[in-house]
Amino acid sequence: MKLKRYGILLLALLLIALSVWGQGTARRGLVVRSSESANIPMLYLAPENAKNIPGILIAHGFAGSKQLMLGYAHVLAHAGYAVMLWDFGGHAANSAPLNRFTLQKDLDIATTALLEQPEVDATRLALLGHSMGSGAVMTAGISNVNRFAATIAISPTGAAVTPSTPRNLQLQAGSWEGRFVANAQRLLQQAGGESEDLASGRGRQLIIIPNVEHITILFNNASHQIARKWLDATFGVQNNSNYVDRRTIWYGLHLLAWLMALGAIAPILIPATEQKTTVPSPRRWGGLLLAPIAASGLLLLLSRLGELQTLGGLQVGGALGIWFFLAGTIWLAILSRFPRTNLRAIGLGIGLFALLWIAFGAMAQVVWLQWWLIPLRLRLVPLLSVACLPWFLASGVVQQGIGLGKRLIWWLGQSLALVGGLWLALYWIPNLGFIFLLLPLFPPITGILSYAAAAIKDAWIYAVGSALFFGWMLAAAFPLAG
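**Concerning the overall build of the protein**
Right, on to step 1. Helix and strand content of the protein: 16 helices and eight strands.
Right, on to step 2. For the protein, the C-alpha radius of gyration of 24 Å lies close to 23 Å, the compact-globule estimate for 482 residues.
Right, on to step 3. Structurally, the protein occupies a C-alpha span of about 75 × 55 × 40 Å along its principal axes.
Right, on to step 4. Long-range pairs, those at least 24 residues apart, make up 77% of the contacts in the protein with a sequence separation of at least 6.

Structure below.
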């Protein structure tokens with residue numbers, strides 16, 4: 001049996017090496033420069049040995065980062081464009097506070113940095129932005145109509161567009177993000193309707209990308225290529241690029257390989273001491289169903305006592321941590337089970353976190369998420385992890401000693417309970433509404449952690465590792481409060 005596990009471990013290591021190699025192919029033939037200007041972290045990509053090429057500014061959305069927009073950056077850079085990305089204030093590696101005035105200031109600083117790059121033709125510039133960033137780039141395109149030849153707004157918010165400003169406006173929205181589709185349609189009408197008159201700057205286009213929502217549109221090849229073609233048409237570029245951004249596939253393979261490694265080594269390092277849960281089924285399922293509803297109700301009461309949106313130094317993320325604490329504590333109380341622990345279990349839980357941290361985040365740093373935390377974010381991790389611990393301890397208790405089929409049912413049940421409970425909280429507390437856009441991420445994350453529970457077979461090891469991992473993820477993903 002051990003020989004089989006060592007074979008799986010070897011295969012996992014080979015897949016990890018393959019995914020790292022595949023991830024590296026995305027930057028072949030490109031110049032990549034990381035820099036900082038006025039304390040704003042920036043990332044620049046351009047083709048090697050390029051001269052006098054158009055420059056594109058790419059702005060991320062709320063709770064986004066420069067990494068989240070790299071799909072567009074790689075497609076455009078391989079197609080012959082110079083691309084500058086940056087982190088807005090309060091986001092990712094930028095520790096400055098975010099407010100409505102700093103968006104344009106940050107964009108102006110990024111523009112100056114782009115113009116300083118030796119490959120860039122300063123007379124040919126364009127803008128691309130997502131969600132919050134779409135408003136920033138449309139505003140910049142309106143204010144500097146003679147500087148920017150085209151503006152691409154993905155999942156657009158709002159701006160004072162007209163039939164002549166900004167120049168050559170393309171709007172994109174995912175078919176599963178209805179509010180942003182409505183925004184895009186309104187903006188198109190306000191901008192004078194569809195037009196192919198790019199020569200005069202009055203080009204107008206609306207594209208609905210099928211079967212994507214607010215986040216997945218950023219990884220959609222159709223969206224990338226439609227943006228590229230609009231820029232090609234604007235600048236009169238004859239483009240033969242066939243580059244397709246496949247970094248998320250390599251990222252998925254990397255994550256899968258690390259989970260395979262966990263499944264192979266966990267039974268060797270951790271003896272199988274798990275006992276079947278003695279908690280009656282009505283308590284397990286009743287707690288799972290009632291705890292999220294009760295937590296949402298308590299969060300509503302707390303929202304009337306004070307500001308939740310910036311709780312704990314994070315925009316929205318602190319309130320989410322409180323919700324998990326309330327739901328987990330209530331679930332544990334209903335279970336009436338609090339298993340004993342020891343230093344060894346806590347140490348192994350920290351080891352599980354380290355493996356999950358590498359599996360999920362090491363490659364995320366160059367694919368979609370600023371995983372390396374700046375000091376302001378790092379100090380939030382312990383508090384957020386403690387807040388999440390009760391939920392994952394309850395989850396670990398109810399998953400003890402159950403087979404694969406029941407574990408899949410529990411994964412589905414927890415996913416539905418989380419999404420349903422948080423949806424109820426957002427219905428009652430609308431100013432936390434951004435969480436709604438993140439709800440599709442909870443089922444896959446819950447699935448990854450349920451797999452870890454199956455491999456570890458110890459409630460406390462699973463709880464400590466999962467809580468640290470989830471706390472780190474909250475600290476990484478949400479904007480800092482000013």
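What follows continues from the structure just given.
**Brief notes about the packing of aromatic side chains**
Right, on to step 1. For the coordinates displayed, the defined rule picks out 29 aromatic pairs.
Right, on to step 2. Ring centres of Trp 21 and Trp 250 lie 6.2 Å apart, and the angle between their planes is 90 degrees; on these two criteria the pair is classed as edge-to-face. Of this pair, Trp 21 sits in helix α1 (residues 2–25) while Trp 250 is found in helix α7 (residues 247–269), placing the two residues 229 residues apart along the sequence.
Right, on to step 3. Judged by relative accessible area, Trp 21 falls into the partly exposed class, the value being 47%.

**A short note on the side chain of Gln 117**
Right, on to step 1. For Gln 117, the location among the structural elements is in the loop between α3 (102–115) and β5 (120–130).
Right, on to step 2. If we ignore the near neighbours within four places in the chain, the residues touching Gln 117 are Arg 33, Tyr 44 and Met 84.

**Topic: the packing of α1 against α7**
Right, on to step 1. Close contact between α1 and α7 brings their axes to 8 Å; oriented N to C, the two are set at 160 degrees. Taken as axis vectors, α1 and α7 run roughly antiparallel relative to one another. Relative to α7, α1 is oriented so that their crossing is left-handed.
Right, on to step 2. Tallied by class, the residues present in the contact of α1 with α7 amount to 21 nonpolar, five polar and two charged.

**Side note on the pattern of salt bridges**
Side chains that differ in charge, positive against negative, can pair when their charged atoms come close.
Right, on to step 1. Across all of its chains, the model carries five salt bridges by this definition.
Right, on to step 2. A salt bridge links Arg 228 to Asp 232, with the shortest nitrogen-to-oxygen separation between them at 2.9 Å. Taken together, the residues span about one helical turn, with Arg 228 and Asp 232 both in helix α6 (residues 221–235) at a distance of four residues.
Right, on to step 3. Assessed through its relative accessible area of 7%, Asp 232 is described here as buried.

**Focus: a nonpolar patch on the surface**
Right, on to step 1. Among the surface-exposed residues, Trp 423, Tyr 427, Trp 428 and Phe 436 lie close enough to one another that they form a single nonpolar patch of about 480 Å² accessible area.
Right, on to step 2. With respect to the helices and strands, the residue Phe 436 is situated in helix α14 (residues 435–438).
Right, on to step 3. The exposure class assigned to Phe 436 is partly exposed, which follows from its relative accessible area of 46%.

**Looking at the pairing of strand β3 (residues 53–59)**
Right, on to step 1. Of all seven residues making up β3, seven are buried, and the element is well covered by its neighbours.
Right, on to step 2. One crossover worth recording links β3 to the parallel strand β4 (residues 82–86) by way of helix α2 (residues 70–78), and it is right-handed.

**Things to note about the sheet that holds β3**
Right, on to step 1. The sheet built from eight strands is open, its strands ordered β1-β2-β4-β3-β5-β6-β7-β8 with mixed pairing. This sheet does not close on itself; its edge strands, each paired only once, are β1 (30–37) and β8 (204–209). On average, adjacent strands in this sheet sit at an angle of 20 degrees to one another, irrespective of strand direction.
Right, on to step 2. For β3 and β4, the ladder comprises four bridges, and the chain directions are parallel. Among the inter-strand pairings, Gly 55 is bridged to a residue of β4, identified as Ala 82.
Right, on to step 3. Of the strands in this sheet, β1, β2 (40–47), β3, β4, β5 and β6 (148–154) touch α2, which is tilted by about 30 degrees from β2.

**Notes on the packing of α3 against helix α4 (residues 132–143)**
Right, on to step 1. Interhelical geometry of α3 versus α4 gives an angle of 70 degrees and a closest axis separation of 10 Å. It follows that α3 is roughly perpendicular to α4 by the angle criterion. In this structure, α3 crosses over α4, and the sense of that crossing is right-handed. For the pair α3 and α4, contact is made by Leu 103, Gln 104 and Leu 107 and by Met 132, Ala 136, Val 137, Thr 139 and Ala 140, respectively.

**Quick notes on the environment of Leu 474**
Right, on to step 1. Structurally, Leu 474 can be placed in helix α16 (residues 459–477).
Right, on to step 2. For Leu 474, a relative accessible area of 3% puts it in the buried group.
Right, on to step 3. Sequence separation of Leu 474 and Leu 68 is 406 residues, and the distance between their C-alpha atoms is 16 Å.
Right, on to step 4. Once residues lying within four places of it in the same chain are set aside, the contact partners of Leu 474 are Leu 314, Gly 317, Leu 320, Gly 321, Leu 384 and Cys 388.

**Remarks on helix α9 (residues 317–335)**
Right, on to step 1. Compared with an ideal rise of 1.5 Å per residue, which puts 19 residues at 27 Å, α9 spans 27 Å between its outermost C-alpha atoms and is within 8% of the ideal.
Right, on to step 2. Just beyond α9, the residue with positive phi is Ser 336, at close to 55 degrees.

**Topic: α4**
Right, on to step 1. Taking 1.5 Å per residue as the helical rise, α4 with its twelve residues ought to reach 16 Å, and the 17 Å between its terminal C-alpha atoms agrees with that figure.
Right, on to step 2. Across the twelve residues of α4, nine count as buried, placing the element largely inside the fold.
Right, on to step 3. Listing the buried residues of α4 in full gives Met 132, Gly 133, Ser 134, Gly 135, Ala 136, Val 137, Met 138, Ala 140 and Gly 141.
Right, on to step 4. Residues of α4 that are buried in the fold lie against β3, α3, β5, β6, β7 (169–174) and α5 (178–190).

**Details of unusual backbone geometry**
Right, on to step 1. Here the residue pair Thr 165 and Pro 166 is connected by a cis peptide bond, since its omega of -5 degrees sits within 30 degrees of zero.
Right, on to step 2. Tracing the backbone through its elements, the reader meets Pro 166 in the loop between β6 and β7.
Right, on to step 3. Positive phi, normally seen in glycine, also occurs at Ala 38, with a value near 50 degrees.
Right, on to step 4. On the secondary structure map, Ala 38 appears in the loop between β1 and β2.
Right, on to step 5. Residue Ala 38 is classed as exposed on the basis of its relative accessible area of 54%.
Right, on to step 6. Its identity is not glycine, yet Val 316 carries a phi of approximately 70 degrees, on the positive side.
Right, on to step 7. By the element assignment, Val 316 lies in the loop between α8 (281–303) and α9.
Right, on to step 8. Judged by its relative accessible area of 2%, Val 316 is buried.

Parameters at a glance
Residues numbered from 1 in each chain as written. Predicted model: local features only at pLDDT ≥ 70, side-chain atom pairs only at ≥ 80, totals over all residues. Heavy atoms only, no water. Helix = DSSP H or I, 4+ residues; strand = E, 2+ residues; numbered from the N terminus. Rg over C-alpha atoms; globule rule 2.2 N^0.38 Å. Contact = heavy atoms within 4.5 Å. Phe/Tyr/Trp six-rings, centres within 6.5 Å; stacked < 30°, edge-to-face > 60°. Buried < 20%, exposed > 50% of the residue type's maximum accessible area, 1.4 Å probe, protein only. Axes fitted to C-alpha atoms, helices over the stretch in contact; angles between N-to-C directions. Parallel < 35°, antiparallel > 145°, perpendicular 65-115°, else oblique. Left-handed = near helix turned anticlockwise from the far one by under 90°. Nonpolar A, V, L, I, M, F, W, Y, C, P; charged D, E, K, R; others polar. Salt bridge = Lys/Arg side-chain N within 4 Å of Asp/Glu carboxyl O. Patch = residues over 30% accessible without salt bridge, like charges linked within 9 Å, V, L, I, M, F, W, Y side chains within 5 Å. Areas by Shrake-Rupley, 256 points an atom, 1.4 Å probe, with all protein chains shown as cover. Right-handed = clockwise from strand over helix to strand, strands pointing away. Pairing = 2+ DSSP bridges. Expected span 1.5 Å × (residues − 1).

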